[in-house]
Amino acid sequence: QLRLVESGGGLVQPGGRLKLSCAASGGTLDHYAVGWFRQAPGTGREVVACISANDERTNEAGWMKGRFFISRDSAKNMVDLEIDNVAPEDTAVYYCAASSILALVQTPEEYDFWGQGTQVVVSS
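Below is a short write-up of the structure.

Criteria and thresholds
- Residues numbered from 1 in each chain as written.
- Predicted model: local features only at pLDDT ≥ 70, side-chain atom pairs only at ≥ 80, totals over all residues.
- Heavy atoms only, no water.
- Helix = DSSP H or I, 4+ residues; strand = E, 2+ residues; numbered from the N terminus.
- Rg over C-alpha atoms; globule rule 2.2 N^0.38 Å.
- Buried < 20%, exposed > 50% of the residue type's maximum accessible area, 1.4 Å probe, protein only.
- Contact = heavy atoms within 4.5 Å.
- Areas by Shrake-Rupley, 256 points an atom, 1.4 Å probe, with all protein chains shown as cover.
- Disulfide = S-S within 2.5 Å.
- Pairing = 2+ DSSP bridges.
- Polar contact = N/O pair within 3.5 Å; in protein donor to acceptor, adjacent residues only side chain to side chain.

1. A short note on the overall build of the protein
Right, on to step 1. When its secondary structure is counted, the protein shows zero helices and 10 strands.
Right, on to step 2. Counting helices and strands in the order they occur from the N terminus, the protein gives β-β-β-β-β-β-β-β-β-β.
Right, on to step 3. A compact globule built from 124 residues should have a C-alpha radius of gyration of about 14 Å, and the protein, at 13 Å, falls within 12% of that.
Right, on to step 4. With the C-alpha coordinates of the protein rotated into their principal frame, the extents come out at 40 × 30 × 25 Å.
Right, on to step 5. Taken across its 124 residues, the protein has 41% of its residues classed as buried.
Right, on to step 6. Across the protein, every contact between residues at least 6 apart in sequence was considered, and the portion connecting residues at least 24 apart equals 60%.
Right, on to step 7. Working note: accessible area of the protein is about 6,300 Å², and carbon and sulfur atoms make up 47% of it.

2. Quick notes on the state of the cysteines
Right, on to step 1. Summed over the entire model, instances satisfying the criterion amount to one disulfide.
Right, on to step 2. The residue that forms a disulfide with cysteine 22 is cysteine 96, at a sulfur-sulfur distance of 2.1 Å. Negative torsions about the S-S bond denote left-handed disulfides, and the value of about 65° found for cysteine 22 with cysteine 96 makes this one right-handed. You can see cysteine 22 sitting in strand E3 (residues 18-25) and its partner cysteine 96 sitting in strand E8 (residues 92-99), a full 74 residues away along the chain.

3. Quick word on the pairing of strand E10 (residues 118-122)
Right, on to step 1. Only one face of E10 is covered, namely the face carrying Thr118, Val120 and Val122; the face carrying Gln119 and Val121 is uncovered.
Right, on to step 2. In terms of strand pairing, strand E2 (residues 10-12) meets E10 through three bridges, oriented parallel. Within E10, the position partnered with glycine 10 by the bridge is valine 120.
Right, on to step 3. Pairing analysis gives three bridges linking E8 to E10, with the strands arranged antiparallel. Opposite tyrosine 94, over in E10, you have threonine 118 as the bridge partner.

4. Details of the side chain of threonine 58
Right, on to step 1. Looking at the element boundaries, threonine 58 is found in the loop between strand E5 (46-51) and strand E6 (68-73).
Right, on to step 2. Judged by its relative accessible area of 3%, threonine 58 falls in the buried class.
Right, on to step 3. Of the polar contacts made by the side chain of threonine 58, one reaches the backbone nitrogen of cysteine 50; its length is 3.0 Å.

5. Considering the side chain of serine 71
Right, on to step 1. Within the secondary structure, serine 71 is located in strand E6.
Right, on to step 2. Judged by relative accessible area, which is 15%, serine 71 ranks as buried.
Right, on to step 3. Non-local contacts of serine 71, meaning those with residues more than four positions away in its chain, are made with Ile51, Arg57, Met78, Val79 and Asp80.

Laid out in structure tokens, this is it:
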């Protein structure tokens, strides 16, 4: 089955840029819609960015004021998330997930496979 592993989290200063990656094994990630979600302590899981199997992206909708950019690296069977101008409010565990729905899906319930998450801490 499909397995997802996030990487790239850690401590980053406010105003900086951060790249998170989601690596897949056991399947071809191009065949799935992929979403990035985050969860801060005491909160629910929040959608950050999504990309469909046809490469429609939430980037184009201007979500999160355009600070979150999702893209595919098909040659590496990966999906990346770039965060610009990070702020303390971005501190959370970030998860990638894959959905067999293929379309641009935005709710956690629609995703079938999840990574373990990577911790992002934004602090000066």
